[in-house]
Amino acid sequence: MALGRSRNNKRSSATSYTSTITTIVFIVLCVLGVWLLTSNTMVPPQTTQRTATTSNMGNAHISSIFQADKKDTTAYEDNPGELPHDAIKTTDGSRADNNNDTGGVDSISSQSTAGTTNPAEEVGSNIEKQESTSTPQETESGGNDQKENNVENSQAKESEEQEKQQVEHDNQVSEESSMTQKQQEENHEESISKTSEGNQSKQSNDGDQQGNNSEQEQQQADQGKESEDGNKGQEVNSVENAPPGESSNSQGNQQMDQNAETSLEEKSNLNAHMEDGSSQKGEQGQGNIPGEDNVQKDAEGSDGSSNKAVIPEEEREKTIEEQQQQRQEDQQAEETTQKQDEFSKEKMQKRASDSQLVDESPSEQNEKTDSHESQSDSSFPVGDSTEIPKESKESKKSWKTQATQSENQKERRQSDLEGSGAIYGYKWKLCNVTAGPDYIPCLDNEKAIHKLRTTKHFEHRERHCPEQGPTCLVPPPEGYQKPIEWPKSRDKIWYHNVPHPMLADVKGHQNWVKVTGEFLTFPGGGTQFIHGALHYIDFLQAAVANIKWGKHTRVVLDVGCGVASFGGYLFERDVLTMSFAPKDEHEAQVQFALERGIPAISAVMGSQRLQFPSRVFDIIHCARCRVPWHAEGGRLLLELNRVLRPGGFFVWSATPVYQKLEEDVEIWKEMTSLTASMCWELVTIQNDKLNSIGAAIYRKPRSNKCYEERKQNSPPMCKNDDDPNAAWYVPLQACMHWNPTEETERGFRWPVVWPRRLRTPPRWLNSSQMGIYGKPAPQDFLTDYDHWRKVVKTSYMSQLGISWSGVRNVMDMRAVYGGFAAALKDLQMWVMNVVNVDSPDTLPIIYERGLFGIYHDWCESFSTYPRTYDLLHADHLFSKLKKRCNLQPVMAEVDRIVRPGGKLIMRDESNTISEIENLLKSLHWEVHLTFSKNQEGILSAQKGTWRPDTYSDS
């Protein structure tokens, strides 16, 4: 019994002794835990470029809330990870562990910067803490159930006390964090500019903080620094490579990311330290950062006990590095996406600005044109400064046309409409005609000429166009060469280009033309000015001082011009001369003129009016022109009266003026009587001793006073319904038109002096009349002038591949106000302005500004020789023309009158551009440029030397 009691006492003593030791150990553990917690929470908040952060001690509930909210957390720029819940506390000290608290993310996103601690250092120190504090717990894991219950109860009480301490500490930290953030916001710009310095300072501060821990913790922190250094290098490169404006955001977000990671790891590690047993490990995993669960599970033994103290150090470092590397890859991917988005935005903004430039109004473009004229294409053809003005439909009601003024024109238009059809795939052939290389379809229509009943009034020299325009091509003469350029061409041309020596035989002694080897030379003489045209021009100026070449007198009509030396030399006096002569026995005289680079047309004073408006020429000149002015009541002289400007001069240099032969005397008497009845004033008769000729100079009256005081109404005044401007196939009438009597009528006053008249709207252009483009007529005039000056300067001169030094003879196939010709004023070229018979009659305006032109219908052939123009300009011609006639003969006509190497500039609707391009290619023209925009286009092409091998049937 005693022995048994003794044994019982021993057992009781052992039990008491064990209980005492357990209590002491538990107390020691509690003290140690309180000391560790106190040492961590008392670290002062960092204020250098980051806010203070603390660990949430023993709060597994907060960790579980954060883990549950991770799915709804927004990933911010440069921050692919999630922020810890305690990093987004509000400044009023309220806890972030409320299950319904979702405003923390929005709160943190409004801050300009976020403080961070070094995540690698903190992770290392916390893991070391786990190793040092988990050993006593593992020793006690083998105790009985009572011991475990006592321990759990003690831990629960201690956890409650720690939660209270944590609430107080969180409030304090929140206040300090708020103050620190305010200081950081004030120094935000400075912190961005000193990013590298801040990183170094951050390393130093972190090292000082870790210096208060054990040597083992310091070693782990050093390893964390090495990991951080590699991460910092990547982060700095990412910030440096980021677009402007993203660098500061990237730095701030990276700091928030580090702060979040540190706080999360601290909470996880401390929670693991306070928990015990395998049943609590599942709750512990909810508070760990991604990837840390795997580390802990791998370290557990088969019996479920924790083996964290023996986790290899290399494995922990590797796991941490893998986690950081994953975050960096996610961050870099997001930065790349952001850069691409920024680049896309910049491109869209650039396109929007380009679109805004394209959509500018014409007035805005005109203001900017002068500053952008030096630009390329970019100015053309995309720029709107070259846009074609649109004609106003309403304006057509206030303008007459030649088509409406001629009844004959209606029949011709009807026959042209019947001949329209498809033109693609046509096989071109050479014209099989008697005229050969000099073929002019409307003047060499042998069938029509043979049918004429009379040729008394030179009807056989007038226009007789075929019913269907020819679609054959005219061959060049054998040995044809590129024409000599102006001004050398005025004095000589290639013989084989115009191989007609007859004039040299007949008129050589008068210095018209001579054959000199392979050239035809032109000494500058004529029948009335053998010793040169310049002397003769000065002779006329001396005869009448008021002529004032190039000032008062600008536009001249030379009748029966011969080889046009008179007009050729008037260029030196800044005078523009329209020379014409019939295609008669004086073989190729007009062709000589055009080959020399002198304006001329083939026409005759016959039975029809000249194709010019009334009252447009300043001077009309006739030097032995062989026209019977006095015959048939002066019909032909009355036609000159129609086209001569009131107050203009008629210069008649002919033998009746200075010779006393019977025939000459008789003609002089009749001319004297006729001119007196027409109220023409004989200003002077002058003799040129050098050339042994004389000239009579007449002047047309400016008013109607003389007409009203005449004793006899002969020649009679024209009827009121006779339009003096009607000139398209209108028969001559022996009558005179009244002179204008109102200031607003054209011809009442003489135009302003040249060159001011070129850019000045005519006085008689009424502001109440709508212009072609819808503005008041004077304003419309100026708009057209400015438009073509800019187009020629910014586009035509540099972007069409045209060598303008080789361009002399130019035709504007559809002139309106003559703006295109006016834009070429300062160049060594002249422009034949063609006003179409179905277009508003603006030809008088062209003459008023000191230019010239002619009426024409492009459904017919033009009255000029083949190969006579260097450049044709067609502005919206063909789209209008194809409504009335077939484009195939029109393009055959274009090919006929353009020289080999000559050019075509066409502006029109896009579909018409395509049609013309196909036709030109079938003609073997070289198309240099085609461009279309908004259903409008431009084309530039050059004629080659190709000709078909076969001839047409007839």
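Residues numbered from 1 in each chain as written. Predicted model: local features only at pLDDT ≥ 70, side-chain atom pairs only at ≥ 80, totals over all residues. Heavy atoms only, no water.

Trainee: Is there a simple way to think about the state of the cysteines in this case?
Mentor: Simply put, the disulfide is a covalent bond whose two ends are the sulfur atoms of two cysteines. On inspection of all chains with the given rule, the structure shows six disulfides. The disulfide that involves Cys 622 links it to Cys 625, with 1.7 Å between the sulfurs. One disulfide, between Cys 622 and Cys 625, carries an S-S torsion of -85° and so falls in the left-handed class. The same class applies to Cys 622 as to Cys 625, namely buried. The side chain of Cys 718 participates in a disulfide bridge whose partner is Cys 735; the two sulfur atoms lie 1.9 Å from each other. Looking along the S-S bond of the Cys 718-Cys 735 disulfide, the torsion reads about 90°, which is the right-handed sense. Of this pair, Cys 718 sits in the loop between helix H25 (705–709) and helix H26 (756–759) while Cys 735 sits in the loop between H25 and H26, placing them 17 residues apart in sequence. Owing to a relative accessible area of 10%, Cys 735 belongs among the buried residues under this scheme. (Disulfide = S-S within 2.5 Å. Buried < 20%, exposed > 50% of the residue type's maximum accessible area, 1.4 Å probe, protein only. Helix = DSSP H or I, 4+ residues; strand = E, 2+ residues; numbered from the N terminus.)

Trainee: Whenever I open this one, helix H24 (residues 662–677) confuses me. Can you help?
Mentor: In an α-helix there are 3.6 residues to a turn, and that puts residues three or four apart on one side. For H24, with 16 residues, the first-to-last C-alpha span of 23 Å sits near the 22 Å given by 1.5 Å per residue. Buried within H24 we find Asp 664, Ile 667, Met 671, Leu 674, Thr 675 and Ser 677. Take H24 and look down its axis: the buried residues cluster within an arc of 155°, on one side only. Of the residues in H24, the exposed ones pointing more than 90 degrees away from the buried face are Glu 662 and Lys 669. Just downstream of H24 lies Cys 679, where phi reads positive at about 70°. (Expected span 1.5 Å × (residues − 1). Arc of directions from axis to C-beta.)

Trainee: How should I be thinking about the sheet that holds strand S7 (residues 617–623) in this particular structure?
Mentor: Backbone hydrogen bonds are what pair the strands of a sheet, in a parallel or an antiparallel way. The strand order S6-S5-S4-S7-S8-S10-S9 describes an open sheet built from seven strands, whose pairing is mixed. The sheet terminates laterally at strand S6 (600–602) and strand S9 (681–688), the two strands that pair on one side only. Taking the axes of each pair of neighbouring strands and ignoring which way they run, one obtains an average angle of 20° across the sheet. Here six bridges tie S7 to strand S8 (residues 644–653), and the two strands are oriented parallel to one another. In the strand pairing of S8, Phe 617 is matched with Leu 644. Contacts from helix H22 (residues 635–643) reach strand S4 (555–559), S7 and S8, with the element oriented near 135° to S8. (Pairing = 2+ DSSP bridges. Axes fitted to C-alpha atoms, helices over the stretch in contact; angles between N-to-C directions. Contact = heavy atoms within 4.5 Å.)

Trainee: Is there a simple way to think about the nonpolar core in this case?
Mentor: Formed by 122 residues in total, the largest nonpolar core has its most connected members in Leu 557, Trp 629 and Phe 878. Here this core gets six residues from one element, more than from any other, and that element is helix H31 (residues 887–897). Each residue touching Phe 878, except ones within four places of it in the same chain, is listed here: Met 813, Leu 887, Val 890, Met 891, Val 894, Met 906, Asp 908, Thr 912 and Ile 916. Judged by nonpolar contacts, the second largest core, of 22 residues, contains Ala 543, Val 544, Ile 547 and Val 556. (Core = buried A, V, L, I, M, F, W, Y, C linked by side-chain atoms within 4.5 Å.)

Trainee: What exactly am I supposed to notice about the pairing of S7 here?
Mentor: Residues in a regular strand point their side chains to alternate faces of the sheet. Buried residues dominate S7, accounting for seven of its seven residues. Both S4 and S7 contribute to a ladder of four bridges, which runs parallel. Within S7, the position partnered with Leu 557 by the bridge is Ile 620. A crossover connection joins S7 to the parallel S8 through H22; in handedness this β-α-β unit is right-handed. (Right-handed = clockwise from strand over helix to strand, strands pointing away.)

Trainee: Quick question: what am I supposed to make of the side chain of Thr 842 here?
Mentor: In this fold, Thr 842 is placed in the loop between strand S12 (830–836) and helix H29 (843–848). Residue classification places Thr 842 among the buried positions, given a relative accessible area of 1%. A distance of 2.3 Å separates a polar side-chain atom of Thr 842 from the backbone oxygen of Val 816. (Polar contact = N/O pair within 3.5 Å; in protein donor to acceptor, adjacent residues only side chain to side chain.)

Trainee: When you look at the pattern of salt bridges in this model, what are you seeing that I'm missing?
Mentor: Note on pairing: side chains with opposite charge can pair once their charged atoms come close. Summed over the entire model, instances satisfying the criterion amount to 27 salt bridges. In this structure, Asp 438 and Arg 867 form a salt bridge, with 3.9 Å as the shortest nitrogen-oxygen distance. Of the two residues, Asp 438 sits in the loop between helix H16 (407–418) and helix H17 (446–450) while Arg 867 sits in the loop between strand S13 (853–856) and strand S14 (869–875), which places them 429 residues apart along the sequence. We classify Asp 438 as buried; its relative accessible area is 13%. Arg 867 sits in the buried class, given a relative accessible area of 5%. The partner of Glu 917 in a salt bridge is Lys 921, with the nearest N and O atoms 3.0 Å apart. Of this pair, Glu 917 and Lys 921 both sit in helix H32 (residues 910–922), four residues apart, which is roughly one turn of the helix. (Salt bridge = Lys/Arg side-chain N within 4 Å of Asp/Glu carboxyl O.)

Trainee: Would you take a moment to explain the environment of Trp 946 for this structure?
Mentor: Mapped onto the elements, Trp 946 comes out in the segment after strand S17 (936–942). Along the primary structure Trp 946 and His 924 are separated by 22 residues, whereas in three dimensions their C-alpha atoms are 6.5 Å apart. For Trp 946, the residues in contact, after removing those within four places along its chain, are Trp 428, Leu 473, Ser 922, Leu 923 and His 924.

Trainee: Any chance you could explain the packing of aromatic side chains here in plain terms?
Mentor: Any aromatic ring pair is given by two values, namely how distant the centres are and how the planes are angled relative to each other. Tallied over the full model, the rule gives 24 aromatic pairs. For the ring pair Trp 486 and Phe 571, a centre distance of 5.8 Å and an interplane angle of 70° mean the geometry is edge-to-face. Taken together, the positions of Trp 486 in the loop between H17 and strand S1 (492–494) and Phe 571 in the loop between helix H20 (565–570) and strand S5 (576–581) put the pair 85 residues apart, joining distant regions of the chain. The exposure class assigned to Trp 486 is buried, which follows from its relative accessible area of 16%. Between Trp 830 and Tyr 869, the ring centres sit 5.7 Å apart and the planes meet at 65°, which makes this aromatic pair edge-to-face. Note that Trp 830 is positioned in strand S12 and Tyr 869 in strand S14, a separation of 39 residues in sequence. One aromatic cluster is present, formed by Phe 529, Tyr 536, Phe 539 and Phe 566 through successive ring pairs. One Lys or Arg, Lys 492, reaches over the ring of Phe 519 and ends 4.4 Å from the middle of that ring. (Phe/Tyr/Trp six-rings, centres within 6.5 Å; stacked < 30°, edge-to-face > 60°. Lys NZ or Arg CZ within 6 Å of the ring centre and 35° of its normal.)

Trainee: Where do I start with unusual backbone geometry in this structure?
Mentor: Excluding glycine, a negative phi dihedral is what most residues carry, and trans is how most peptide bonds are arranged. The omega angle of the peptide bond from Trp 486 to Pro 487 is 10°, so this bond is cis rather than trans. Following the sequence through the fold, Pro 487 ends up in the loop between H17 and S1. In the segment running from Trp 754 into Pro 755, the intervening peptide bond is cis, with an omega of 10°. If you trace the backbone, Pro 755 turns up in the loop between H25 and H26. In the Ramachandran plot, Ala 564 falls in the positive-phi region, its phi being about 65° despite a non-glycine side chain. Looking at the element boundaries, Ala 564 is found in the loop between S4 and H20. The class for Ala 564 is buried, based on a relative accessible area of 0%. With a phi close to 55°, Asn 934 is a non-glycine residue in the positive phi region. Counting through the fold element by element, Asn 934 comes out in the loop between strand S16 (926–933) and S17.

Trainee: Help me out: how do you make sense of helix H19 (residues 533–543) in this one?
Mentor: Every buried residue of H19 is listed here: Ala 533, Tyr 536, Ile 537, Phe 539, Leu 540 and Ala 543. Down the axis of H19, the smallest arc covering the buried residues is 155°, so these residues share one side. The elements touched by buried residues of H19 are H20, S7, S8, S9 and strand S10 (693–699).

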